Amino acid sequence: MKKITFSAVALLSAAALSAQIYSTGNLSFITGYGGRIDVNQDNVVLTLVGPSTGWLGIAFDATQMDDVGKDVVLFDGTNLSDRTFNGQGVVPPLDAVQNWTVLSNTVTSGVRTVIGTRARDTGDANDYAFSASANSLNIVWARRLSSMAIGYHGGGSCGATVANFTLGNAAFEKESFQMSPNPANGFTRIELPDSVASGELKMYDNLGRVVKKQTITHEFDTLNTSDLPSGNYMVVVRTQYGNATKQLLVN
């Protein structure tokens, strides 16, 4: 049983590692607000980093706020909402279908980092279909410093830029994350590389049963092992770049 389970995990890891990732890298829109877009054959992952006191927004394949029909995404402190530009000075209305899912939403010292994902091509006419290749993309961005209510962003809080997608490092190998301490005495910390914002961790016992499952980020990196029997465990971290596996000894 153990060999079958572990072999299946290995096959899934190999498949994920074969995916190519195209990324804008870290973008700086204005002091205190930036983002990143990562695209593979199936999905797009959007990261926005800005002030925690107001909403954050970005539009794809747009050059100005009155690009009617262009795809807009706004974060209101809780949700990433699908919207569409409908003219200058008009609050972009909600799309009929909402396709974004928030993966993580953290605030540190007044700075919010929100990470969301959706299908690369949703099939929705209102959604921009990202290309899984090297390309350039016109982006319009906006933020509001003092309110989560979707409305006028205020002077000096919007602009346009061009994002360039280049082939990223698709390999996420076992050396890409660290576990310390190992052996674990009550806990261990999972350290992701700087280029990886988050991952899903699953921990398996020697019978192939999942005994722990949680999301790992740079802010939430502790794995509690105090409730586990002593022994050897397999830790699998799954990210948008692939999977990686390590052994953990619990004392």
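It should be emphasised that the depicted structure is a prediction, and the values quoted were computed from it without experimental measurement.

Burial within strand S3 (residues 33-39) is extensive, with 7 of its 7 residues counted as buried. Burial of the side chains of S3 extends over both faces: Tyr33, Gly35, Ile37 and Val39 are buried on one face and Gly34, Arg36 and Asp38 on the other. Direction of pairing for strand S1 (residues 22-23) relative to S3: antiparallel, over a ladder of 2 bridges. For tyrosine 22, the partnering residue across the bridge sits in S3 and is valine 39. Looking at chain direction, strand S2 (residues 27-30) and S3 are connected through 3 bridges and run antiparallel. Counted as the bridge partner of serine 28 is glycine 34 from S3. Counted between consecutive antiparallel strands, the loop separating S2 from S3 contains 2 residues, among which glycine 32 sits at a positive phi close to 90 degrees. Relative to strand S4 (residues 43-51), S3 runs antiparallel, the two sharing 6 bridges. The residue of S4 that forms the bridge with aspartate 38 is valine 45.

In the structure shown here, the tally under the stated rule is 6 aromatic pairs. When the centroid spacing of 6.5 Å and the interplanar angle of 35 degrees are considered together, the rings of phenylalanine 60 and tyrosine 128 count as tilted. Within this pair, whereas phenylalanine 60 is found in strand S5 (residues 56-60), its partner tyrosine 128 is found in the loop between strand S9 (111-119) and strand S10 (135-143), the two being separated by 68 residues in sequence. Every member of this aromatic cluster is reached through a ring pair, and the members are Phe29, Tyr33 and Trp141. Of note, lysine 246 hangs over the ring of phenylalanine 177, and the distance from its end group to the ring centre comes to 5.1 Å.

Calculation notes
Residues numbered from 1 in each chain as written. Predicted model: local features only at pLDDT ≥ 70, side-chain atom pairs only at ≥ 80, totals over all residues. Heavy atoms only, no water. Buried < 20%, exposed > 50% of the residue type's maximum accessible area, 1.4 Å probe, protein only. Helix = DSSP H or I, 4+ residues; strand = E, 2+ residues; numbered from the N terminus. Pairing = 2+ DSSP bridges. Phe/Tyr/Trp six-rings, centres within 6.5 Å; stacked < 30°, edge-to-face > 60°. Lys NZ or Arg CZ within 6 Å of the ring centre and 35° of its normal.

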